[in-house]
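Here's the letter readout for the chains.
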Amino acid sequence: MSDRLRAVYGQLLAVLFALVIGAIIILMVDESPVKVFMTLLRGAFGDQAKIAGTLLQTTPILICGVAACIGLRGGMFNVGIEGQLFLGGFAAAWVGFALPLPAGIHMLVGLAVATLAGAAWVAIPAFFRARYNTNEVVSTILSNYVAVLLTSYFTIFLFKRPGGWSETPPILPTAYLPELFSFSRLNWGLVIGLVLALAVAWFFRYTSKGYSISMVGSAPKFAEYGGVNVKRQGFLVLLVSGAVGGLAGGVETLGVHHRFMEGFAPGFGFDGLIAALLANGSPIGTIVTALFFGALRSGSLLLEVETTASREIITVIQALIILSVSAQVLMKRRGDSTAGERRWKF
């Protein structure tokens with residue numbers, strides 16, 4: 001069996017394991033797992049409006065997943081996508097309500113500024129990783145909290161809509177991301193996410209630069225001997241990953257909420273990271289896994305209406321998937337390390 005098929009089977013087993021444990025937990029709260037899972041399916045794909053709702057939830061997860069894939073391919077574990085999404089979302093909102101521009105141009109400028117905001121936010125962890133070899137996992141995780149609190153401060157104390165909730169003024173209609181259907185808020189952000197995933201997959205598969213990035217991620221010492229500046233490459237990979245995370249926030253602001261508010265996109269960055277891990281860093285595979293998590297989010301809206309199960313069962317299933325995938329990664333690394341020791345033992 002090839003390594004790729006083995007990885008796919010491993011990820012499917014991780015999902016199956018999570019669903020089985022989730023079913024046991026559902027039984028413990030005196031509910032039928034079959035009923036719960038069928039409710040999830042109907043809530044996600046029951047009619048065209050529900051399908052559109054699932055795709056709407058999938059969009060930010062997909063773009064955040066592509067951001068995570070870029071980092072993973074370059075050997076960088078960007079756990080700060082949630083913070084980059086928040087900064088990008090706020091930056092796009094500011095452009096939307098503060099800078100009157102012609103239609104079309106306004107939207108493009110908003111997305112561009114969101115992308116720059118995401119890149120700028122990850123630049124600090126990227127610099128310390130490249131200059132001092134600090135652990136980017138810790139620094140990007142910590143940056144999430146700062147980003148969420150910083151955007152909350154801006155929203156409440158500097159740009160709060162008069163007489164409203166903790167939200168900015170609405171963006172101008174010229175900055176709206178066009179909707180795909182009249183009956184749903186599903187917008188062209190989905191197209192952006194799909195094109196981005198395909199473009200990133202093509203880049204890594206068919207370009208020399210993409211190959212060198214993948215080589216840095218899989219064998220940094222070998223890449224360094226081959227003349228690749230590993231530190232500079234890692235810095236740029238984190239910047240691009242953060243930029244795509246910021247783009248996800250811009251899409252969410254300009255296409256869905258049309259303003260920035262506290263907690264406007266909770267958990268999308270982390271869901272995207274899980275989707276990328278479950279897809280083994282493949283942008284194409286992330287399309288499928290993002291749809292899976294989007295369906296879980298969308299379908300869970302019916303759970304507390306038609307069953308006695310809580311929506312939090314979805315969080316439990318996601319956590320179990322994380323544990324399963326993490327266990328596989330650790331086992332693979334340990335196996336690779338053992339194989340390496342055997343290979344160099346005389």
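What you see is a predicted model; the values in this text were computed from it and never measured.

A. Highlighting the overall build of the protein. Within the protein one finds 14 helices and zero strands. Put simply, the protein runs from its N terminus to its C terminus through helices and strands in the order α-α-α-α-α-α-α-α-α-α-α-α-α-α. Dimensions of the protein, computed from the C-alpha atoms along their principal axes, are close to 75 × 50 × 35 Å. Per-residue burial over the protein gives 46% buried out of 346 residues. For the protein, contacts bridging at least 24 residues in sequence account for 76% of all contacts bridging at least 6. Taken as a whole, the protein presents about 17400 Å² of accessible surface, with 70% of it coming from carbon and sulfur. Between the mean site of the 25 positive side-chain charges and the mean site of the 17 negative ones, the protein shows a separation of 12 Å.

B. Focus on helix 6 (residues 136–158). With 23 residues, helix 6 ought to run about 33 Å at 1.5 Å a step, and its terminal C-alpha atoms sit 31 Å apart, in line with that. Every buried residue of helix 6 is listed here: Glu 136, Thr 140, Ser 143, Asn 144, Ala 147, Thr 151, Ser 152 and Thr 155. For helix 6, the capping residue at the N-terminal end is Asn 135, with a side-chain oxygen 2.8 Å from the backbone nitrogen of Val 137.

C. Spotlight on unusual backbone geometry. Phi at Asp 30 takes a positive value of approximately 60 degrees, unusual for a residue other than glycine. Mapping Asp 30 onto the fold places it in the loop between helix 1 (3–28) and helix 2 (33–45). On the basis of relative accessible area, Asp 30 is assigned to the exposed category, the value being 71%. With a phi angle near 60 degrees, His 258 is a residue other than glycine that sits in the positive phi range. Assessed through its relative accessible area of 16%, His 258 is described here as buried.

D. View of the nonpolar core. In this structure, Leu 85, Leu 111, Leu 254, Phe 293 and Ile 321 are the most contacted members of the largest nonpolar core, which totals 61 residues. The greatest single-element share of this core, amounting to nine residues, is contributed by helix 3 (residues 48–73). Judged by nonpolar contacts, the second largest core, of five residues, contains Ala 52, Leu 56, Leu 186 and Val 256.

E. Main features of the packing of helix 5 (residues 105–132) against helix 10 (residues 230–257). Orientation of helix 5 relative to helix 10, taken along the N-to-C sense of each, is 145 degrees, at an axis distance of 6 Å. When the axes of helix 5 and helix 10 are compared, the crossing they make is right-handed. Counting all contacts with helix 5, which are made through Met 107, Gly 110, Leu 111, Ala 114, Thr 115, Gly 118, Ala 119, Val 122, Ala 123, Ala 126, Phe 127 and Ala 130, the residues of helix 10 involved are Lys 231, Phe 235, Leu 238, Leu 239, Gly 242, Ala 243, Gly 246, Leu 247, Gly 250, Val 251 and Leu 254.

F. View of the side chain of Asn 144. Note that Asn 144 resides in helix 6. Only 2.7 Å separates the side chain of Asn 144 from the backbone nitrogen of Gly 83, close enough to count as a polar contact. Each residue touching Asn 144, except ones within four places of it in the same chain, is listed here: Val 79, Gly 80, Ile 81, Glu 82, Gly 83 and Phe 270.

G. Highlighting the packing of aromatic side chains. Inspection of the entire model under this criterion finds 16 aromatic pairs. A ring pair is formed by Phe 127 and Tyr 132, whose centres lie 6.3 Å apart and whose planes are at 85 degrees; its orientation type is edge-to-face. The interplanar angle of 35 degrees and the centroid separation of 5.1 Å between the aromatic rings of Tyr 153 and Phe 157 together place this pair among those described as tilted. Here Tyr 153 pairs with Phe 157, and both are found in helix 6, just four residues apart, close to one helical turn. According to the relative accessible area criterion, Tyr 153 is partly exposed, its value standing at 43%. Here the aromatic residues Phe 86, Phe 90, Phe 97, Tyr 153, Phe 154, Phe 157, Phe 159, Phe 260 and Phe 264 are joined through ring pairs into a cluster of three or more.

H. Region of the structure containing the confidence of the model for the protein. The predicted model of the protein averages 88 in pLDDT, with 92% of residues at 70 or higher. Throughout residues 339–346 the model reports pLDDT below 50, and contacts reaching past four residues in sequence, or to other chains, amount to zero contacts.

I. Spotlight on the pattern of salt bridges. Within the structure shown, the criterion is met by six salt bridges. The closest approach of N and O atoms between Lys 50 and Asp 47, which form a salt bridge, is 3.3 Å. Taking relative accessible area as the criterion, Lys 50 reaches 29% and is therefore assigned partly exposed. The class of Asp 47 is partly exposed, set by a relative accessible area of 34%.

Cut-offs used in this document
- Numbers given for residues are sequential positions, taken from 1 along each chain in its written order.
- Thresholds applied to this predicted model are a pLDDT of at least 70 for local features of residues and 80 or more for the giving and counting of side-chain atom pairs; totals over whole chains, interfaces and linings are not thresholded and use all residues.
- Based on all heavy atoms of the structure, the side-chain values leave hydrogens and waters out of the count.
- Strands here are runs of E lasting at least two residues and helices are runs of H or I lasting at least four, both read from the DSSP assignment and numbered beginning at the N terminus.
- To sort residues, take the accessible area from a 1.4 Å probe on protein chains only and compare it with the maximum for the residue type: under 20% means buried, over 50% means exposed, and anything in between is partly exposed.
- Note on definitions: a residue-residue contact is assigned when non-hydrogen atoms from the two residues lie within 4.5 Å.
- Reported accessibility uses the Shrake-Rupley method at a 1.4 Å probe radius. Residues are deemed covered only where the shown protein chains occlude them.
- Counted as positive: Lys and Arg. Counted as negative: Asp and Glu, with His and the chain ends omitted from the count.
- Charge coordinates come from a single atom per side chain, which is NZ of Lys, CZ of Arg, CG of Asp or CD of Glu.
- Between the first and last residue of a helix there are one fewer steps than residues, each counted as 1.5 Å, and that sum is the expected span.
- Throughout this description, a polar contact denotes any pair of N or O atoms lying within 3.5 Å of each other; where both atoms belong to protein, one of them has to be capable of donating a hydrogen while the other can accept it, and for residues adjacent in sequence the pair is counted only when both atoms sit in side chains.
- Within this scheme, the nonpolar core is defined by two criteria: the residues are buried Ala, Val, Leu, Ile, Met, Phe, Trp, Tyr or Cys, and they are joined through side-chain atoms within 4.5 Å.
- Orientation is described by lines fitted to C-alpha atoms, with helices fitted over the stretch in contact, and by angles between N-to-C directions that extend from 0 to 180 degrees.
- In this scheme the crossing of two helices becomes right-handed for a clockwise turn of the near helix relative to the far one and left-handed for an anticlockwise turn of less than a right angle.
- Stacked, tilted and edge-to-face are the three classes applied to pairs of Phe, Tyr and Trp rings, where Trp contributes its six-membered ring and a pair requires centres within 6.5 Å; stacked means planes under 30 degrees apart, edge-to-face means over 60, and tilted covers the rest.
- The predictor attaches a confidence to each residue, and that confidence, scored 0 to 100, is pLDDT.
- For this analysis, a salt bridge means a side-chain nitrogen from Lys or Arg found within 4 Å of a carboxyl oxygen belonging to Asp or Glu.

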